[in-house]
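A closer look at the structure
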Amino acid sequence: MQRMEAIEAVYPHLKESIVVTIMGAVAWEMQHLGHRPNFFYMQHSMGLASSMGLGIALSRPELPVVVLDGDGSILMNLGSLTTMARYHPQNLVHIVFDNESLLSVGGFPTATATGTDIAGMARAAGIMRATTVRTIPEFVAAFDEARAAGEMATIVAKVEAINVAPRFVTDLPLLENRFQFQRHLREIRETD
Amino acid sequence: MPVSMKNSQLIYDALKACDVRMMSALPETWLVHLIRLADDDPDVTLVRLAKEEEGVGISAGAHMAGVKSAMMCQNHGFLQSINGIVTLAHLYKIPLLMLISYRGEMGERDPWQTQGGAVTEVLLRDLGIPYERLDSPDHVASRIRKAQALAESALKPVALLLCRDLMWEE
């Protein structure tokens, strides 16, 4: 499966969620599909997207929060699996797009290319709803089930190591994204 | 364990007075009372970390979501968090209130703390992080209040160093 197709398949739900993505191609693909004020692109600090998603999910339990993580990123912050498992906010869905590669910096293989099982590690960390999916229908089903279950989930989506983004810098400056996202979170509280 | 309960309570009350409602922490000896106070407080969400840098992400998320937070760690935990501080808190202008236990200063008996103690203030200065020492109960409340105010207005990391004279009773 291709990552952008997978994102597109759940995009109607992402539009209604608070979304934190990792840097680079994932951020570009989300913006290409359509930027929204409820999308935040963490364009550096590799590994911390899941920590930031956890901070939002714990602060605003009424909001659905989705983290779009990657294999290279979560491998840099494996402790985050244990912290998410400890607090397992029911409003958090943690998606890891696993292309078994550090694609944007030359395509060198990550440890998942030689057998490291991120869903297995998530389960062992204590995230009970942790699955690996390989097709779009499986991915959509796992996403829908996670949302319906009202239980924190990690979904590892195996995707092809291909890049469709022509560039990683977009016309959305980092701070514009940051302040727009914060303002959106404030406004949806005020209109409750 | 001669960690000052009285001064830990002072620090905790000052954080509460600033409306801090989320605290992330990785245990270290001088922080034991602060962590227990947070754990026992139904109005505060304590996030126990596996590694300190996660706390930068937690605080960034809390800030975006409208919740004031603080991160409590040892100075070696601050060293561990530097990439997150630079590439998230600085880059994205996140108010990050850090309470850092300042090990390895004058009076330190543990040899393993001394190297981190020697570089803590140098790195805070080089990173452009405003900081103050908390070494007497007289200024705890005012310095915490002012540090929190600056973090929020400047939208940047601000540090308070929890010093031996405040935290350790012997």
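A short tour of the structure in this document, coming up. Source: prediction; values computed, not measured.

**Looking at helix 8 (residues 174-190) of chain A**
Over its 17 residues, helix 8 of chain A extends 25 Å from the first C-alpha to the last, a length consistent with the 24 Å expected when each residue adds 1.5 Å. Looking at the buried positions of helix 8 of chain A, the neighbouring elements they touch are strand 1 (18-21), strand 2 (39-41) and helix 3 (49-59) of chain A together with helix 3 (54-64) of chain B.

**Some details on the sheet that holds strand 1 (residues 20-25) of chain B**
Residue and element names in this part refer to chain B. The parallel open sheet is built from six strands, whose spatial order is 2-1-3-4-6-5. At either end of the open sheet lies a strand with only one pairing partner, and these are strand 2 (45-48) and strand 5 (131-134). Sheet twist, expressed as the average angle between the axes of neighbouring strands with direction ignored, equals 20 degrees. When strand 1 meets strand 3 (residues 68-74), the two strands line up parallel, connected through five bridges. Its bridge partner lying in strand 3, Met 22 is registered against Ser 69.

**Observations concerning the interface of chain B and chain A**
Taken together, the 29 residues of chain B in the interface contact 30 residues of chain A. Of all residues in chain B, the largest losses of buried area upon contact with chain A belong to Glu 54, Met 64 and Tyr 92 of chain B, amounting jointly to 31% of the total for that side. Remark: the boundary between chain B and chain A carries zero salt bridges. Across the chain B-chain A interface, the total number found is 14 residue pairs in polar contact (both at pLDDT 80 or more). Considered class by class, the residues forming the side of chain B that touches chain A number 18 nonpolar, seven polar and four charged.

**A short note on the packing of helix 3 of chain A against helix 3 of chain B**
Orientation of helix 3 of chain A relative to helix 3 of chain B, taken along the N-to-C sense of each, is 45 degrees, at an axis distance of 7 Å. Here helix 3 of chain A lies oblique to helix 3 of chain B, going by the angle between them. The two elements helix 3 of chain A and helix 3 of chain B cross, and the hand of that crossing is right-handed. Contacts between helix 3 of chain A and helix 3 of chain B pair Ser 51, Met 52, Leu 54, Gly 55, Ile 56 and Ser 59 of chain A from the former with Glu 54, Gly 57, Ile 58, Ala 60, Gly 61, Ala 62 and Met 64 of chain B from the latter. In the contact of helix 3 of chain A with helix 3 of chain B, the residues fall into seven nonpolar, five polar and one charged.

**Details of the state of the cysteines**
Residues and elements named next belong to chain B. Counted according to the given criterion, the structure contains zero disulfides over all chains. In this model Cys 18 remains outside any disulfide bridge; the closest cysteine sulfur is found in Cys 73, 18 Å from its own. Under the relative-accessibility criterion, Cys 18 is labelled buried at 10%. Left unpaired, Cys 73 is separated from the closest cysteine sulfur, that of Cys 163, by 14 Å. Since its relative accessible area comes to 0%, Cys 73 is described here as buried.

Here is what the cut-offs are and how they apply
Residues numbered from 1 in each chain as written. Chains lettered and ligands numbered in written order. Predicted model: local features only at pLDDT ≥ 70, side-chain atom pairs only at ≥ 80, totals over all residues. Heavy atoms only, no water. Helix = DSSP H or I, 4+ residues; strand = E, 2+ residues; numbered from the N terminus. Expected span 1.5 Å × (residues − 1). Contact = heavy atoms within 4.5 Å. Pairing = 2+ DSSP bridges. Axes fitted to C-alpha atoms, helices over the stretch in contact; angles between N-to-C directions. Buried area = accessible area lost by both parts, 1.4 Å probe. Salt bridge = Lys/Arg side-chain N within 4 Å of Asp/Glu carboxyl O. Polar contact = N/O pair within 3.5 Å; in protein donor to acceptor, adjacent residues only side chain to side chain. Nonpolar A, V, L, I, M, F, W, Y, C, P; charged D, E, K, R; others polar. Parallel < 35°, antiparallel > 145°, perpendicular 65-115°, else oblique. Left-handed = near helix turned anticlockwise from the far one by under 90°. Disulfide = S-S within 2.5 Å. Buried < 20%, exposed > 50% of the residue type's maximum accessible area, 1.4 Å probe, protein only.

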